[in-house]
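One-letter residues, chain by chain:
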Amino acid sequence: MSGRRLPALDHGEPKRVLAAAGLSAAGEIAAIGLLATGAWLLFAASLRPPILLLSMAIGAVQLFSFLRGAARYGGKLASHDLGLSFQARSRAWLYRRLERLLPAGLPGGNQGDLLARLISDTEEAQDLVVRAAVPVLAAGAAWCAAVITAGLLLPSAGWVILISGVLGTAGVALAVIIGGRKSAALPAARGAVCAWILGAVASGEELSAMRAEDWALNRLAECERALGAGTRAVAAAAGIARAAAALAGGGGLAAVAYVGASAIRAGRIGPVEFGVLVFLALGAAAVLQGLPDAVSRLPAHRAGAERLSDLARMQDSAPETAGNRRPAGPGPLPASVRAGAAGRGGAGPAVALRRAAITGDSSRSGRSGSGGRPDAGQRLLISDLDLELRPGHPVALAGPSGTGKTTVLYALLRFVDLTAGELIVDGTDARAMPPEQIRALLAWSPEQPALFPASLRANLRVGAPAATDEQIAGLLADLRLGTWLEQLDRGLDTVLAPWAHPVSGGELQRLSVARALLADRPVLLLDEPTSHLDPPTADAVLAAVLERASNRSLLWVTHRQDELAQFPAVCSLPPGRGPCSGVLPDRLGRSVLHGYPRELYPGRNPQLAEDLPQMEGDRVHADVLSAGDFLIAQPARHQLADRSLGVGQARPADVRPPMSRPVPPPHPCLAQPPPDPG
Amino acid sequence: MTGVRNAARTRGRAPVADSTEIRRLIAVARPWLAGAVAVGLGQALLLVAQAAVLSRLLATALYGGLTASAAVRASAAIGLLAAGQGLGGWAWEAWTESGARRARSATRRQAVARAVRLAAAGRCDPGRMATLIGAGVDELDPLVARVVPRTVLALAVPALLLAWIGHLDLVSAGLAGLAVALSPVLAGLVGAQTAGAVRHRLASLERLGARFAALIEGLPLLRAFGRAEDHERAVAASGEDVRAATLATLRVALLSGLVLELLAAVGTALVAVRLGLRLDAGQHIFPQALAVLMLTPELFVPLRRLTSDFHAAATGRATLASLGELAAADRSPAASEIQGRPGRPRPGPLGVVLEGVSLAVPGRSDPVLDGIDLRICPGERICLVGESGAGKSCLLRIVAGLVPPSAGRALIEGQDIRTGRSEAIGWVPQHPVVLPASILDNVALGRPGVDESIASAALEAAELGDWLKSRRLGLRTPLSELDAPLSLGERRRLAIARNLAGPRPRLWLLDEPTAGLDLASSERLAAALGLVIGGATAIIASHDPSARILARRQVELRRGRITGTGDERTRHGRDLAFPAGAR
């Protein structure tokens, strides 16, 4: 089954649909037969027919009544089975599809809408078969049986039933088509409601704090009105369809009565046939009455299936290597990588970006790069980037918010494709390898970590299914989470979820780092792992990571200046001002920025002695290397002073770098803040 | 009852609603449902009339003497009755839908209000709530629109028809009545088997929804670690689980329909035999016999329809039970229990007093906050420092009134927070949430008087002016989380803009406003904050020096207790909380 297409009817399916329809049809035909035979029995009994005929008729009645029940049962079961298996498969397909599309993002999509697609739209699409296709086919078969039998008895009656059936079906179809547009909007409206509910509940804190709950509820009522319009349209269509079906059925019955009566008077048929014809007409009317239920929601079902197919048509984020289905599990490392590792004494591969360029949407910031196809409104986020990660040489990545640091990580993880340049893993171009093999080398801690509603142990073992409890506890202790772990009632079995057991921001970050460390992969990518931590804990985490990753490659994204100081190599990303080169280790092992174009530093070159922090007794004016938006204050740390350029001791003091841009006063139409008491 | 529900929950099954909840559900929809029941009764009467007309026509045909005018009259009568049935059919659909819609809206509104309150206290799962209140409430439609009216009709219509049949032939009525009386018993016996399976199905569906929502969040991570396939298998497996559970339910449910059909056949056969004997004995009751035989199968139809709808509505009943649990969880101590006079609000910044505030979280042996005593003067700005996990965020949430403290109390201007606040406070959380609405709605949050100019001014003041200009549709751009996700810094600034758009708050609570921002941005943000806070009271939880600069006083939290407090500026920039030389 191709990964992209909706799992519609595949190989064995049409047969199953026909089988289910056949069973239901048998049931309906048996119902008609029951009516006809029962009527014959009733009328003919008074005429004393031969006993054989009578007992045959009684036997037929018993057979038909049993068949009616059993075949209906079997047919319903078969069609529901079909629908349910389709539903299960489409849910699994939806999940697989989302894997491909995220983190490229879904245009106009959001979480609640996705949830609605998973739960409700799969049900709607399933109903196409269960509620619509099978019953309609069965009804059609039964109606044909009625027409044929009536026609055999009295041709004009057969015509009457035929015409009434056609008219009834046309009326039902018309009703459904008229209401179609509004009913087709039903699944989308449901998605909007679900999205709003998800958003409102997720932002419950802010809504409560700002007294905006009523607004959220009114908004919900608005979304519900749209949904209500859809259900009203469906009900109107169903109502009119019912009326049309009843009129057609009743009209057919009346016409048969009239035609039969004139036929009796003309002597063409006897009263027995008349009775049978009337009952046949009743049966056909009943069949017609079943149609509205089946087809009144047809536009909604189709719209639901359409919404699922939309996901099929979207572009994948990073194109997987053409053709091959993903292997189960990470798979073995490619030979070249293993050879390279052996060459360096088994320390692991080197990952490098050479002259990489990544495109991103200029109106977006942060996460998504959509690699490979620059559209209007997209600009190069990163251009000409060289970055190399080697075991034992940790690299820090710094830059203002929105310059694409996370996008660089995404490029390494092969979530987005490079517009230009290449990603080299141990001498091999990454495009030659399936992305899973590259990801098998990487351990990632995202900027906004996600916890799954599972136990702590399961959360930490995502990348390392074989980790033992002792390893986990030791790692958490290193990250200063030891006491936190001890005072959890259920220890590693605690289920972590905001509603079950709240976890603070810093704890969450450290758990994510622990997860990445535990995975024991050659390359560590940590995206702002200490942004929510207080300085002592941040230092402890940095020390622990540097120690544990001493034989691995490490890329550490951060804003903190003191952390940058601890890295021998720093790569900085200026906000799109032009090419930037990554940093290769400095010969003096200093924390220094390389590669900034000279014109961004009018007169300031960090390597020249005269630009070093001015010392004034105990106080240090932090020197700034200003690059427009990008400020770096040389932290006045005595550690840095030691490995700095021989300036002497600097002591911690008032470090207050000046602002690069003045802050504008608040807009006059905003409410004025309470006056500062001074 | 709650104990039973909890027991059911722990066994992995969802409990099922009871009748009081159903009654509350349909309270809003009663007039329409009553109308629908009347329509159903009317349809039954029309059926009786049709049977009478047809039996007379056929009897006349059998005995000869069918005149043209009689045939025409009969046809016309049948046509009219058909028109009546058509009208009734339309009315049934329209009115049941109306009632269901109103019940749905009322239920959703109530449920979302409760869920938002719970979420404010941090006690609910958005994914599960969205599945429950979104798709789950949709499942209430069959319950309201079909089961409730059909329950009434299943009693009324057979009674009506039996009365008419009894008028025609008493013994037949007795025989048919016996069969009708047996049917609910049999159907009930069969239905009882499915109850457990239904609960299992709903529970697995809820789990699927909640798990899926969490997985969307963490999908990139799973892909990065190569575990996405495992979860793919898990999703497929749980989908199979739902399928198997549903099919098991259906098998038994449809069986009850089969049983009823057979019972109907048996009943009709008994009546037919009885009438046949009477006819054989020479009694001229052909029209009556025909009418009875036409109406006898109709006796069983309402109950058959009810059983099939009953099982279709089973998920709805389980949803109702889950909503009942939500209501129970939302029960907060009544405001009347807490002493407090509203008082007249004084102008100017608010003062905050915390007396012995403690907060215990289930699942943790130590309390998150332990005996916090803190007094913050109006207009004072303090900074909460401490290692992560020390309870700073929880303290802010207690002051914001989102979480009630387990012990002690928090007072704003002398009034206990739990009695409710009259005005909004400035709240900037660590992870602000973006609503799936336009930028204007996200900033305004529906407050009156916040129009486009104020919203853009607020965004400018919060340093989002350039970002706003880069948006194609400006303030009308819809923000959807997955499409163009905002970075954390942008979200924080959006949260600040939200606070600026309304009346200026007199108390600000900021949770790590500059975490995750680079130095330049945090400097600018801190300066902007300093200006917008002005003279209002502010409690800032932060590690970052650029944010700490805003505050005059520092309060250190360690393991839920205050261990230090001091003036930031009296010492030479040396932090109290951290040993010298570390910075």
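Rules and cut-offs
- Residues numbered from 1 in each chain as written.
- Chains lettered and ligands numbered in written order.
- Predicted model: local features only at pLDDT ≥ 70, side-chain atom pairs only at ≥ 80, totals over all residues.
- Heavy atoms only, no water.
- Helix = DSSP H or I, 4+ residues; strand = E, 2+ residues; numbered from the N terminus.
- Contact = heavy atoms within 4.5 Å.
- Areas by Shrake-Rupley, 256 points an atom, 1.4 Å probe, with all protein chains shown as cover.
- Buried < 20%, exposed > 50% of the residue type's maximum accessible area, 1.4 Å probe, protein only.
- Pairing = 2+ DSSP bridges.
- Axes fitted to C-alpha atoms, helices over the stretch in contact; angles between N-to-C directions.
- Parallel < 35°, antiparallel > 145°, perpendicular 65-115°, else oblique.
- Expected span 1.5 Å × (residues − 1).
- Phe/Tyr/Trp six-rings, centres within 6.5 Å; stacked < 30°, edge-to-face > 60°.
- Lys NZ or Arg CZ within 6 Å of the ring centre and 35° of its normal.

Draft legend 1. Broad picture of the overall build of chain B. Assigned secondary structure in chain B consists of 17 helices and ten strands. Long-range contacts, defined here as pairs at least 24 residues apart, represent 76% of the contacts in chain B between residues at least 6 apart. When the accessible surface of chain B is summed, it comes to about 22,400 Å², and 59% of that surface belongs to carbon and sulfur atoms.

Draft legend 2. Region of the structure containing the side chain of A:Thr122. Residue and element names in this part refer to chain A. The residue Thr122 is located in helix H3 (residues 111–153) in this model. Overall, the relative accessible area of 0% leaves Thr122 in the buried class. Discounting chain neighbours no more than four positions away, the residues touching Thr122 are Gln87, Ser90, Arg91, Arg117 and Leu308.

Draft legend 3. Highlighting the sheet that holds strand S3 (residues 395–398) of chain A. All names here are of chain A. Taken in spatial order, the five strands line up as S6-S7-S8-S3-S9 in an open sheet, and their pairing is parallel. Each end of this open sheet is capped by a strand with a single partner; those strands are strand S6 (442–445) and strand S9 (569–572). Direction aside, neighbouring strands of the sheet carry axes that sit 15° apart on average.

Draft legend 4. Representation of the sheet that holds strand S5 (residues 415–416) of chain B in the model. Residues and elements named next belong to chain B. Reading across the sheet, the four strands line up as S2-S1-S4-S5 and stay open at both edges, with antiparallel pairing between neighbours. Looking at which strands have only one partner, the edges of the open sheet turn out to be strand S2 (369–376) and S5. Sheet topology places strand S1 (residues 352–359) next to strand S4 (residues 407–412); five bridges connect them, and they run antiparallel. In the sheet register, Ser358 faces S4, and the bridge partner there is Ala407. Across the face of the sheet, helix H11 (residues 392–399) comes into contact with S1, S2 and S4 while running at roughly 120° to S1.

Draft legend 5. Representation of the packing of helix H6 (residues 186–202) of chain A against helix H10 (residues 298–313) of chain A within the structure. Residues and elements named next belong to chain A. At their nearest, the axes of H6 and H10 sit 7 Å apart, and the two run at 60° to each other. Considering the angle they form, H6 stands oblique to H10. Each of Leu186, Pro187, Ala188 and Gly191 in H6 lies in contact with H10, whose residues at this interface are Ala300, Ala303, Gly304 and Arg307.

Draft legend 6. Geometry of helix H4 (residues 68–120) of chain B. For H4(B), spanning 53 residues, the distance from its first C-alpha to its last is 77 Å, which sits close to the expected 78 Å at 1.5 Å a residue. Immediately downstream of H4(B), the backbone of B:Gly122 shows phi near 75°, a positive value.

Draft legend 7. Structural context of unusual backbone geometry. One non-glycine residue with positive phi stands out, namely A:Glu528, at about 50°. If you trace the backbone, A:Glu528 turns up in the loop between strand S7 (523–527) and helix H18 (535–548). The backbone of B:Glu512 sits at a positive phi, close to 50°, despite the residue not being glycine. Locating B:Glu512 in the fold gives a position in the loop between strand S7 (507–511) and helix H16 (519–533). The class of B:Glu512 is buried, set by a relative accessible area of 3%.

Draft legend 8. Region of the structure containing the packing of aromatic side chains. For the structure on display, the rule yields five aromatic pairs over all chains. Judged by centre distance (5.8 Å) and plane angle (85°), the ring pair of A:Tyr410 and A:Trp444 falls under edge-to-face. Of this pair, A:Tyr410 sits in helix H12 (residues 405–412) while A:Trp444 sits in strand S6, and the two are 34 residues apart along the sequence. Grouping residues by exposure puts A:Tyr410 and A:Trp444 together as buried. An aromatic cluster is defined as three or more aromatic residues linked by ring pairs; in this entry it consists of A:Phe43, B:Tyr63 and B:Phe286. Positioned above the aromatic ring of A:Trp196, the side-chain terminus of A:Arg219 is 5.1 Å from the ring centre. When the ring centre of B:Trp32 is taken as reference, the NZ or CZ atom of B:Arg102 above it lies at 4.0 Å.

Fair warning: the whole summary comes from geometry, so function is off the table for now.
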